[in-house]
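# Descriptive analysis of the structure
For reference, the chains in residue letters:
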Amino acid sequence: MSQCVLKKIGSIIVTRLPIQKIMIPTFYQTPLKKQLTKAQFLVMTILLSVMQSEKQVRLERLARVFPYPITTESRRRKIQRFLDLPNLTISLIWYPLITYWLTTYCPIGTRLSIAIDRSQWGCINLFMVSLIWEKRAIPLYWSLLPKLGNSNLEEQTANLQQILPLFSEYKIIVLGDREFCSVDLGNGLKLKGVSFCLRLKKNHCIERKHLIWQRLDELGIVPGTSLSVERKRVRKTRPATGFELACKWKRNYGKSHVKEAWFILTDLGSLPAAINAYKQRMGIEEMFRDCKKGGYDLEGTSLKGNRLINMILLMTLAYSSAIFQGTELKKKQVQKYVSRRKEQKKNIADGVHLVLV
């Protein structure tokens, strides 16, 4: 099929895109073709292309622009049936791709950062485990929690256990914000040989002297200062030992004021290492922004349950495809030829129109 096919249905003209013009990374194709029939692979390829062009994962939007010569309602049902495929799973579709990518770009023994976080909208409570990469995050595993609100230790451990076998030959640092300020989680990761940087709440206590406990916000940390506390007992109730604490309060710049300090439970053995590692956690915040209102509008979809999980899988394939191709361009040092060129603002007073690029 070398040319686009046009078909008129009522007052709507539907196009069927030529297969060879729909681009996905080459290494995607072999694993996907093993799990999908030719027709299913074609549907997935078109969906990924439509997601990238529309920057949307809302089912109604995808059905409206899906290039197939049937009614909009039929297209919507076709996408729904595709999302119900039994072999459209994270382990069968996504794990082989991320494993290939890791072996290609990350030598064995490389230290990699894994961020855990949670996002909630409406009645959806999404737990996400992601790999930090180039100030962004690549989703690795995700699940829907059966309740609203914070996750518990069992849920955190179960989600992390899904991806740790993929990184058995790498050095892993798990990063988590104050929702994951669990000393028990740190203990569990330490037993598995996994490093961690988990931000504690300011009301946690450490033992400064024998049986003398002090809250973290009473350590005297002020903006622009940092402190390292080693081998102190943490948590007044059921104390735990063998941890280090990295404390830092960012300096205030002009009108920019940081409200409180970071108190990071870690085992990295160095204050700068712990602070630099925890800074990378912001990559998952950027990823959520790209996938939600700032990009694919994930919270705008009305999907739930397994269909939502599979739609996130498709979104992950599209999102990671852009990241992987950007990595390739950067590796070839040709990014300046494809990036949007920035120009200095022209002076309107000189009779020249202002150009915004």
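The structure contained in this document is the topic of the report that follows. What you are looking at is a predicted structure, and each value in this text was computed from that prediction instead of being measured.

### Details of the packing of helix 2 (residues 38-54) against helix 4 (residues 72-83)
Two elements in contact, helix 2 and helix 4, have axes whose closest approach is 11 Å; the angle formed by their N-to-C orientations is 110 degrees. In terms of their interaxial angle, helix 2 and helix 4 are classed as roughly perpendicular. Relative to helix 4, helix 2 is oriented so that their crossing is left-handed. Between helix 2 and helix 4, the contacting residues are Gln40, Val43, Met44 and Leu47 on the first element and Lys78, Ile79 and Phe82 on the second. Along the lines of polarity and charge, the residues of the contact of helix 2 with helix 4 split into five nonpolar, one polar and one charged.

### Focus on the environment of Arg76
For Arg76, the location among the structural elements is in helix 4. Spatially, the C-alpha atoms of Arg76 and Phe66 are 8.8 Å apart, while their sequence positions differ by 10 residues. What Arg76 contacts, discounting residues up to four positions off in sequence, is Leu59 and Ala63. A polar atom in the side chain of Arg76 sits 2.3 Å from the side chain of Glu73.

### Quick look at the layout of surface pockets
Considering only enclosed or pocket space, the second largest pocket measures out at about 210 Å³ in volume. Considering the residues around the second largest pocket, the lining is formed by 11 residues, among which Pro25, Thr26, Phe27, Gln325 and Glu328 are closest to the centre. When contributions to the lining of the second largest pocket are tallied by element, the ones reaching two or more residues are helix 1 (26-35), helix 5 (90-105) and helix 10 (305-331). Here the lining of the second largest pocket is built from residues that sort into seven nonpolar, three polar and one charged.

### Looking at the side chain of His204
Residue position: His204 is located in the loop between strand 7 (195-199) and strand 8 (205-209). Judged by its relative accessible area of 15%, His204 is buried. In this structure His204 touches Cys181, Gln214, Arg215 and Leu216, once residues within four positions along its chain are discounted.

Rules behind the numbers
Residues numbered from 1 in each chain as written. Predicted model: local features only at pLDDT ≥ 70, side-chain atom pairs only at ≥ 80, totals over all residues. Heavy atoms only, no water. Axes fitted to C-alpha atoms, helices over the stretch in contact; angles between N-to-C directions. Helix = DSSP H or I, 4+ residues; strand = E, 2+ residues; numbered from the N terminus. Parallel < 35°, antiparallel > 145°, perpendicular 65-115°, else oblique. Left-handed = near helix turned anticlockwise from the far one by under 90°. Contact = heavy atoms within 4.5 Å. Nonpolar A, V, L, I, M, F, W, Y, C, P; charged D, E, K, R; others polar. Polar contact = N/O pair within 3.5 Å; in protein donor to acceptor, adjacent residues only side chain to side chain. 1 Å grid on protein atoms, 1.4 Å probe; cavity = no way out; pocket = protein on both sides within 12 Å on 5 of 7 lines; lining within 4 Å. Points joined across faces, edges and corners; volume = space filled by probe spheres on them. Buried < 20%, exposed > 50% of the residue type's maximum accessible area, 1.4 Å probe, protein only.

Note that every value here comes from positions in space, so none of it alone points to a role or purpose.
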